[in-house]
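Residue-level structure breakdown
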Amino acid sequence: MDLTYTPEEEDFRARLREWLTRVLPTLPPAPDPGDWPGRRAYDLGWQRTLYDAGYADVHWDSSPTLRLIFLEETERAGAPYVGANFVGLLHAGPTIAAEGTAAQRERWLPPILRGEEVWCQGFSEPDAGSDLAALRTHAWRDGEHYVVSGSKIWTSHAEVADWCELLVRTDPRAPRHRGITWLALPMDAPGVTVRPLRTLAGPAEFAEVFLDEVRVPVTNRVGAENDGWRVTMVTLSFERGTAFAGEVVACRRVLTELAAEARGNGRWDDPALRRRLGRLNAEFRALWRLIQWNVSAAERPGAVPGAGASVFKLRYSHARQELYDTAARVLGADALDLGRPWTRDRLSSLSYTIAAGTSQIQHSIVAERILGLPKGR
(Lines give C-alpha, C1' and ligand atoms only; values in the text may rest on other atoms or scores of the structure.)
Protein backbone atom coordinates (compact mmCIF):
# COMPACT_ATOMS: atom_id res chain seq x y z
CA MET A 1 0.00 0.00 0.00
CA ASP A 2 1.38 3.42 -1.01
CA LEU A 3 1.52 5.70 2.06
CA THR A 4 3.19 8.63 0.29
CA TYR A 5 1.39 11.89 -0.52
CA THR A 6 0.57 13.10 -4.02
CA PRO A 7 1.77 16.51 -5.31
CA GLU A 8 -1.79 17.82 -4.93
CA GLU A 9 -1.90 16.72 -1.31
CA GLU A 10 1.47 18.28 -0.57
CA ASP A 11 0.23 21.51 -2.18
CA PHE A 12 -2.75 21.45 0.21
CA ARG A 13 -0.31 20.99 3.10
CA ALA A 14 1.82 23.95 2.01
CA ARG A 15 -1.19 26.26 1.62
CA LEU A 16 -2.60 25.21 5.00
CA ARG A 17 0.77 25.66 6.72
CA GLU A 18 1.16 29.17 5.28
CA TRP A 19 -2.39 30.11 6.37
CA LEU A 20 -1.81 28.83 9.91
CA THR A 21 1.40 30.85 10.15
CA ARG A 22 -0.54 34.03 9.34
CA VAL A 23 -3.70 33.40 11.36
CA LEU A 24 -2.62 31.81 14.65
CA PRO A 25 -0.80 34.91 16.01
CA THR A 26 -4.05 36.91 15.63
CA LEU A 27 -6.17 34.63 17.86
CA PRO A 28 -7.27 35.78 21.33
CA PRO A 29 -5.93 33.97 24.43
CA ALA A 30 -7.56 30.61 25.16
CA PRO A 31 -9.96 30.55 28.14
CA ASP A 32 -9.38 28.63 31.35
CA PRO A 33 -9.85 24.84 30.88
CA GLY A 34 -12.70 24.82 33.39
CA ASP A 35 -14.62 27.69 31.76
CA TRP A 36 -16.85 25.68 29.44
CA PRO A 37 -19.07 28.56 28.29
CA GLY A 38 -15.87 30.45 27.45
CA ARG A 39 -14.37 27.39 25.77
CA ARG A 40 -17.54 26.90 23.75
CA ALA A 41 -17.34 30.48 22.47
CA TYR A 42 -13.61 30.14 21.76
CA ASP A 43 -13.97 26.80 19.95
CA LEU A 44 -16.91 28.00 17.89
CA GLY A 45 -14.95 31.13 16.98
CA TRP A 46 -12.06 29.01 15.73
CA GLN A 47 -14.45 26.86 13.74
CA ARG A 48 -15.92 29.98 12.13
CA THR A 49 -12.39 31.09 11.23
CA LEU A 50 -11.81 27.75 9.53
CA TYR A 51 -15.14 28.06 7.74
CA ASP A 52 -14.39 31.52 6.40
CA ALA A 53 -11.01 30.28 5.13
CA GLY A 54 -12.53 27.26 3.36
CA TYR A 55 -11.17 24.58 5.71
CA ALA A 56 -14.28 23.78 7.77
CA ASP A 57 -15.54 20.95 5.60
CA VAL A 58 -12.31 18.97 5.75
CA HIS A 59 -13.80 16.51 8.25
CA TRP A 60 -16.30 15.02 5.82
CA ASP A 61 -16.25 16.68 2.40
CA SER A 62 -12.53 16.14 1.80
CA SER A 63 -10.72 12.88 1.20
CA PRO A 64 -9.51 11.02 4.31
CA THR A 65 -5.92 11.84 3.33
CA LEU A 66 -6.57 15.60 3.24
CA ARG A 67 -8.34 15.24 6.58
CA LEU A 68 -5.25 13.56 7.97
CA ILE A 69 -2.96 16.29 6.63
CA PHE A 70 -5.24 18.91 8.18
CA LEU A 71 -5.12 17.26 11.61
CA GLU A 72 -1.36 16.81 11.37
CA GLU A 73 -0.60 20.39 10.39
CA THR A 74 -3.02 22.11 12.81
CA GLU A 75 -1.65 20.09 15.73
CA ARG A 76 1.98 20.74 14.78
CA ALA A 77 1.27 24.45 14.49
CA GLY A 78 -0.38 24.55 17.93
CA ALA A 79 -3.76 25.54 16.52
CA PRO A 80 -6.82 25.26 18.79
CA TYR A 81 -8.19 21.74 19.09
CA VAL A 82 -11.80 21.03 18.13
CA GLY A 83 -12.69 21.10 21.87
CA ALA A 84 -16.43 21.55 22.38
CA ASN A 85 -16.92 20.82 18.66
CA PHE A 86 -15.44 17.32 19.05
CA VAL A 87 -18.67 15.31 18.86
CA GLY A 88 -20.22 17.38 16.10
CA LEU A 89 -17.16 17.49 13.85
CA LEU A 90 -15.71 14.04 14.44
CA HIS A 91 -18.69 11.84 15.42
CA ALA A 92 -22.21 13.13 14.72
CA GLY A 93 -21.31 15.14 11.62
CA PRO A 94 -19.58 12.29 9.76
CA THR A 95 -22.38 9.92 10.80
CA ILE A 96 -25.08 12.24 9.48
CA ALA A 97 -23.05 12.81 6.33
CA ALA A 98 -22.86 9.03 5.80
CA GLU A 99 -26.31 7.94 7.01
CA GLY A 100 -28.60 10.98 7.09
CA THR A 101 -31.20 12.07 4.57
CA ALA A 102 -30.63 15.05 2.31
CA ALA A 103 -32.87 17.16 4.58
CA GLN A 104 -30.93 16.08 7.67
CA ARG A 105 -27.60 16.85 6.09
CA GLU A 106 -28.87 20.28 5.06
CA ARG A 107 -30.25 21.00 8.55
CA TRP A 108 -27.38 19.85 10.76
CA LEU A 109 -24.12 19.88 8.83
CA PRO A 110 -23.85 23.59 7.88
CA PRO A 111 -24.36 24.87 11.48
CA ILE A 112 -21.63 22.49 12.69
CA LEU A 113 -19.27 23.67 9.96
CA ARG A 114 -20.02 27.37 10.56
CA GLY A 115 -19.38 27.07 14.30
CA GLU A 116 -22.99 27.73 15.31
CA GLU A 117 -24.04 24.54 17.12
CA VAL A 118 -22.37 22.11 19.53
CA TRP A 119 -23.20 18.42 19.85
CA CYS A 120 -22.75 15.98 22.72
CA GLN A 121 -22.79 12.18 22.79
CA GLY A 122 -25.57 10.34 24.68
CA PHE A 123 -24.50 6.70 24.43
CA SER A 124 -23.27 5.39 27.80
CA GLU A 125 -25.61 4.71 30.71
CA PRO A 126 -24.96 3.83 34.38
CA ASP A 127 -25.52 0.13 33.61
CA ALA A 128 -24.56 0.19 29.91
CA GLY A 129 -21.15 1.65 29.26
CA SER A 130 -18.87 -0.91 27.71
CA ASP A 131 -21.88 -3.16 27.15
CA LEU A 132 -23.57 -0.48 25.08
CA ALA A 133 -26.22 -2.82 23.68
CA ALA A 134 -27.61 -3.19 27.23
CA LEU A 135 -28.90 0.39 27.19
CA ARG A 136 -32.28 0.96 28.85
CA THR A 137 -33.24 4.49 27.82
CA HIS A 138 -36.45 3.79 25.94
CA ALA A 139 -38.57 5.60 23.38
CA TRP A 140 -42.06 4.85 22.20
CA ARG A 141 -43.79 6.23 19.13
CA ASP A 142 -46.56 8.78 19.63
CA GLY A 143 -47.66 10.00 16.23
CA GLU A 144 -44.86 12.04 14.69
CA HIS A 145 -42.74 11.99 17.85
CA TYR A 146 -40.76 9.60 19.98
CA VAL A 147 -41.29 9.97 23.72
CA VAL A 148 -37.97 9.31 25.47
CA SER A 149 -37.31 8.48 29.12
CA GLY A 150 -34.12 7.29 30.81
CA SER A 151 -30.66 8.58 31.65
CA LYS A 152 -27.19 8.87 30.17
CA ILE A 153 -23.79 9.32 31.80
CA TRP A 154 -20.34 10.51 30.66
CA THR A 155 -22.12 12.69 28.10
CA SER A 156 -19.36 14.78 26.56
CA HIS A 157 -19.92 18.57 26.65
CA ALA A 158 -23.62 18.18 27.50
CA GLU A 159 -23.72 21.37 29.57
CA VAL A 160 -22.88 23.54 26.54
CA ALA A 161 -24.45 21.43 23.77
CA ASP A 162 -27.33 22.29 21.46
CA TRP A 163 -27.85 18.72 20.19
CA CYS A 164 -27.17 15.20 21.38
CA GLU A 165 -26.55 12.06 19.33
CA LEU A 166 -28.79 9.80 21.38
CA LEU A 167 -29.24 6.03 21.44
CA VAL A 168 -32.61 4.73 22.62
CA ARG A 169 -34.35 1.37 22.77
CA THR A 170 -37.43 1.41 20.56
CA ASP A 171 -38.27 -2.32 20.62
CA PRO A 172 -37.69 -3.95 24.02
CA ARG A 173 -38.76 -7.37 22.63
CA ALA A 174 -36.14 -7.42 19.87
CA PRO A 175 -32.68 -8.97 20.35
CA ARG A 176 -30.38 -6.56 22.16
CA HIS A 177 -28.66 -5.19 19.07
CA ARG A 178 -31.81 -4.90 16.95
CA GLY A 179 -34.16 -2.73 18.97
CA ILE A 180 -31.98 0.41 19.11
CA THR A 181 -32.54 3.72 17.29
CA TRP A 182 -30.22 6.73 16.70
CA LEU A 183 -31.90 10.09 17.38
CA ALA A 184 -30.82 13.73 17.29
CA LEU A 185 -32.06 15.21 20.57
CA PRO A 186 -32.45 19.00 21.01
CA MET A 187 -30.89 19.71 24.40
CA ASP A 188 -33.35 22.52 25.16
CA ALA A 189 -36.37 20.20 24.86
CA PRO A 190 -38.68 20.08 27.90
CA GLY A 191 -37.80 17.16 30.16
CA VAL A 192 -34.00 17.29 29.63
CA THR A 193 -31.93 17.78 32.81
CA VAL A 194 -28.13 18.08 32.74
CA ARG A 195 -25.89 17.57 35.79
CA PRO A 196 -22.15 18.19 35.16
CA LEU A 197 -19.62 15.64 36.45
CA ARG A 198 -16.24 16.86 37.70
CA THR A 199 -13.38 14.57 36.71
CA LEU A 200 -10.13 13.71 38.47
CA ALA A 201 -8.35 16.21 36.23
CA GLY A 202 -10.61 19.05 37.40
CA PRO A 203 -12.84 20.37 34.57
CA ALA A 204 -16.40 19.09 34.24
CA GLU A 205 -16.36 18.05 30.58
CA PHE A 206 -18.85 15.22 31.14
CA ALA A 207 -22.37 15.20 32.54
CA GLU A 208 -25.29 13.06 33.53
CA VAL A 209 -28.36 13.64 31.38
CA PHE A 210 -31.84 12.74 32.60
CA LEU A 211 -34.72 12.39 30.13
CA ASP A 212 -38.28 12.59 31.41
CA GLU A 213 -40.79 11.93 28.59
CA VAL A 214 -38.88 14.10 26.15
CA ARG A 215 -40.61 14.44 22.79
CA VAL A 216 -38.27 14.07 19.80
CA PRO A 217 -39.62 14.44 16.23
CA VAL A 218 -39.48 11.29 14.12
CA THR A 219 -37.73 13.39 11.48
CA ASN A 220 -34.76 13.51 13.90
CA ARG A 221 -34.15 9.79 13.49
CA VAL A 222 -30.97 8.97 11.55
CA GLY A 223 -31.37 5.63 9.79
CA ALA A 224 -34.35 3.35 10.14
CA GLU A 225 -36.15 2.58 13.39
CA ASN A 226 -34.42 -0.28 15.23
CA ASP A 227 -31.39 0.02 12.91
CA GLY A 228 -29.53 2.24 15.34
CA TRP A 229 -26.87 -0.33 16.20
CA ARG A 230 -25.59 -0.38 12.63
CA VAL A 231 -25.61 3.45 12.53
CA THR A 232 -23.80 3.46 15.87
CA MET A 233 -21.04 1.27 14.46
CA VAL A 234 -20.48 3.98 11.84
CA THR A 235 -20.23 6.58 14.63
CA LEU A 236 -17.84 4.48 16.70
CA SER A 237 -15.63 3.67 13.73
CA PHE A 238 -15.03 7.39 13.29
CA GLU A 239 -14.54 7.86 17.04
CA ARG A 240 -11.96 5.07 17.23
CA GLY A 241 -10.22 5.85 13.95
CA THR A 242 -9.25 9.22 12.50
CA ALA A 243 -10.68 11.18 15.46
CA PHE A 244 -7.44 10.53 17.40
CA ALA A 245 -5.04 11.45 14.58
CA GLY A 246 -4.25 14.91 15.94
CA GLU A 247 -3.59 13.44 19.37
CA VAL A 248 -0.87 11.16 17.97
CA VAL A 249 0.90 14.22 16.57
CA ALA A 250 0.54 15.89 19.97
CA CYS A 251 2.03 12.86 21.72
CA ARG A 252 5.03 12.89 19.41
CA ARG A 253 5.57 16.55 20.26
CA VAL A 254 5.31 15.75 23.99
CA LEU A 255 8.01 13.10 23.55
CA THR A 256 10.39 15.71 22.16
CA GLU A 257 9.58 18.05 25.04
CA LEU A 258 10.09 15.27 27.60
CA ALA A 259 13.53 14.49 26.19
CA ALA A 260 14.48 18.17 26.47
CA GLU A 261 13.16 18.33 30.05
CA ALA A 262 15.10 15.18 31.00
CA ARG A 263 18.31 16.62 29.58
CA GLY A 264 17.74 19.78 31.59
CA ASN A 265 17.00 18.18 34.96
CA GLY A 266 19.60 15.39 34.81
CA ARG A 267 17.25 12.44 34.38
CA TRP A 268 18.54 11.85 30.85
CA ASP A 269 21.46 10.01 32.48
CA ASP A 270 19.07 7.16 33.36
CA PRO A 271 19.50 4.56 30.56
CA ALA A 272 16.16 2.93 31.39
CA LEU A 273 14.39 6.25 30.84
CA ARG A 274 16.19 6.81 27.54
CA ARG A 275 15.19 3.32 26.34
CA ARG A 276 11.60 4.01 27.30
CA LEU A 277 11.53 7.31 25.43
CA GLY A 278 13.06 5.62 22.38
CA ARG A 279 10.54 2.80 22.46
CA LEU A 280 7.64 5.26 22.78
CA ASN A 281 9.01 7.23 19.84
CA ALA A 282 8.94 4.06 17.74
CA GLU A 283 5.46 3.25 19.06
CA PHE A 284 3.95 6.58 18.05
CA ARG A 285 5.68 6.49 14.66
CA ALA A 286 4.09 3.08 14.09
CA LEU A 287 0.70 4.39 15.24
CA TRP A 288 0.98 7.24 12.74
CA ARG A 289 1.65 4.72 9.97
CA LEU A 290 -1.36 2.73 11.14
CA ILE A 291 -3.52 5.85 10.86
CA GLN A 292 -2.25 6.35 7.32
CA TRP A 293 -3.07 2.72 6.52
CA ASN A 294 -6.60 3.09 7.93
CA VAL A 295 -7.09 6.31 5.98
CA SER A 296 -5.91 4.67 2.76
CA ALA A 297 -8.40 1.85 3.35
CA ALA A 298 -11.15 4.43 3.84
CA GLU A 299 -10.42 6.21 0.54
CA ARG A 300 -12.97 4.05 -1.24
CA PRO A 301 -16.19 5.97 -2.04
CA GLY A 302 -18.64 5.76 0.87
CA ALA A 303 -16.15 3.88 3.04
CA VAL A 304 -15.74 4.49 6.77
CA PRO A 305 -12.96 3.38 9.14
CA GLY A 306 -13.32 -0.37 9.72
CA ALA A 307 -12.15 -2.82 12.33
CA GLY A 308 -8.63 -1.49 11.86
CA ALA A 309 -9.78 1.51 13.88
CA SER A 310 -10.11 -0.81 16.88
CA VAL A 311 -6.50 -1.97 16.44
CA PHE A 312 -5.43 1.64 16.56
CA LYS A 313 -7.66 2.59 19.51
CA LEU A 314 -6.48 -0.41 21.51
CA ARG A 315 -2.77 0.31 21.16
CA TYR A 316 -3.05 4.10 21.28
CA SER A 317 -4.91 4.05 24.60
CA HIS A 318 -2.12 2.12 26.29
CA ALA A 319 0.67 4.04 24.56
CA ARG A 320 -0.79 7.34 25.76
CA GLN A 321 -0.89 6.07 29.34
CA GLU A 322 2.72 4.91 29.05
CA LEU A 323 3.71 8.31 27.67
CA TYR A 324 2.35 10.22 30.64
CA ASP A 325 3.65 7.68 33.13
CA THR A 326 7.04 8.41 31.58
CA ALA A 327 6.36 12.12 31.97
CA ALA A 328 5.87 11.51 35.69
CA ARG A 329 9.31 9.85 35.83
CA VAL A 330 10.85 12.82 34.09
CA LEU A 331 9.17 15.31 36.43
CA GLY A 332 9.84 13.36 39.62
CA ALA A 333 8.13 14.97 42.62
CA ASP A 334 6.84 17.78 40.38
CA ALA A 335 4.49 15.24 38.80
CA LEU A 336 2.18 15.92 41.78
CA ASP A 337 1.91 19.61 40.87
CA LEU A 338 -1.25 20.24 38.83
CA GLY A 339 0.30 23.45 37.57
CA ARG A 340 3.13 21.63 35.78
CA PRO A 341 2.88 20.56 32.14
CA TRP A 342 1.68 17.00 31.53
CA THR A 343 0.26 16.45 35.05
CA ARG A 344 -3.39 16.93 34.09
CA ASP A 345 -2.76 15.05 30.86
CA ARG A 346 -1.54 12.11 32.91
CA LEU A 347 -4.77 12.11 34.93
CA SER A 348 -6.95 12.31 31.82
CA SER A 349 -4.94 9.54 30.12
CA LEU A 350 -6.27 7.09 32.70
CA SER A 351 -9.66 7.24 30.99
CA TYR A 352 -8.42 6.32 27.52
CA THR A 353 -8.61 2.55 28.05
CA ILE A 354 -12.28 3.07 28.97
CA ALA A 355 -13.52 5.92 26.75
CA ALA A 356 -14.72 5.19 23.19
CA GLY A 357 -14.96 1.48 23.98
CA THR A 358 -12.87 -0.25 26.64
CA SER A 359 -9.72 -2.14 25.75
CA GLN A 360 -11.58 -5.37 26.51
CA ILE A 361 -14.19 -4.47 23.90
CA GLN A 362 -11.47 -3.61 21.37
CA HIS A 363 -9.79 -6.98 22.01
CA SER A 364 -13.08 -8.71 21.22
CA ILE A 365 -13.60 -6.73 18.01
CA VAL A 366 -10.09 -7.52 16.80
CA ALA A 367 -10.46 -11.19 17.72
CA GLU A 368 -13.81 -11.65 16.00
CA ARG A 369 -13.72 -9.29 13.02
CA ILE A 370 -10.04 -9.43 12.04
CA LEU A 371 -8.73 -12.76 13.34
CA GLY A 372 -12.00 -14.63 12.74
CA LEU A 373 -12.07 -16.19 16.19
CA PRO A 374 -15.41 -17.51 17.51
CA LYS A 375 -17.50 -15.33 19.77
CA GLY A 376 -17.38 -16.03 23.48
CA ARG A 377 -20.42 -17.45 25.20
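Numbering of residues starts from 1 in every chain and runs along the sequence as written. Note on the predicted model: pLDDT of at least 70 is required for a residue's local features to be given, and 80 or more for side-chain atom pairs to be given and counted; whole-chain, interface and lining totals, by contrast, use all residues. Only heavy atoms go into the side-chain values, all of them from the structure, while hydrogens and water stay out.

A short note on the overall build of the protein chain
Labels follow the DSSP assignment, with helices taken as runs of H or I lasting at least four residues and strands as runs of E lasting at least two, numbered in each case from the N terminus. Within the protein chain, the regular secondary structure consists of eleven helices and eight strands. Burial classes follow relative accessibility: with a 1.4 Å probe on protein chains only, a residue under 20% of its type's maximum area counts as buried, one over 50% as exposed, and anything between as partly exposed. A burial count over the protein chain gives 51% of its 377 residues as buried. A separation threshold of at least 6 residues defines the contact pool for the protein chain, and within that pool the share at least 24 residues apart is 73%. Carbon together with sulfur atoms contributes 53% to the accessible area of the protein chain, which is approximately 17500 Å² in total. Contacts are residue-level and defined by heavy atoms, with any inter-residue pair within 4.5 Å sufficient. Per-residue and other accessible areas were derived by the Shrake-Rupley procedure at a 1.4 Å probe size, with only the shown protein chains allowed to occlude residues.

Observations concerning the nonpolar core
Grouped together as the largest cluster of nonpolar side chains are 42 residues, with contacts concentrated most on Trp19, Trp46, Phe70, Leu258, Phe284, Tyr316 and Leu323. Where this core is concerned, the elements lending two or more residues are α1 (7-23), α2 (36-53), α3 (64-76), α7 (245-265), α8 (271-297) and α9 (308-331). It is α9 that contributes the most residues to this core, nine residues altogether. Ignoring any residue separated from it by four or fewer positions in sequence, one finds Phe284 in contact with Val248, Cys251, Arg252, Leu255, Tyr316, Ala319, Arg320 and Leu323. Among the buried residues, those of types Ala, Val, Leu, Ile, Met, Phe, Trp, Tyr and Cys that are joined through side-chain atoms within 4.5 Å form a nonpolar core. Core analysis: the second largest hydrophobic core is formed by 27 residues, Val82, Phe86, Trp119 and Val231 among them.

Examining unusual backbone geometry
In this model, His157 sits at a positive phi of 60 degrees, which is unusual for a non-glycine residue. Positionally, His157 belongs in the loop between β3 (145-152) and β4 (163-169). The phi torsion at Asn226 lies on the positive side, around 70 degrees, for a residue other than glycine. Note that Asn226 resides in the loop between β8 (221-222) and α6 (228-240).

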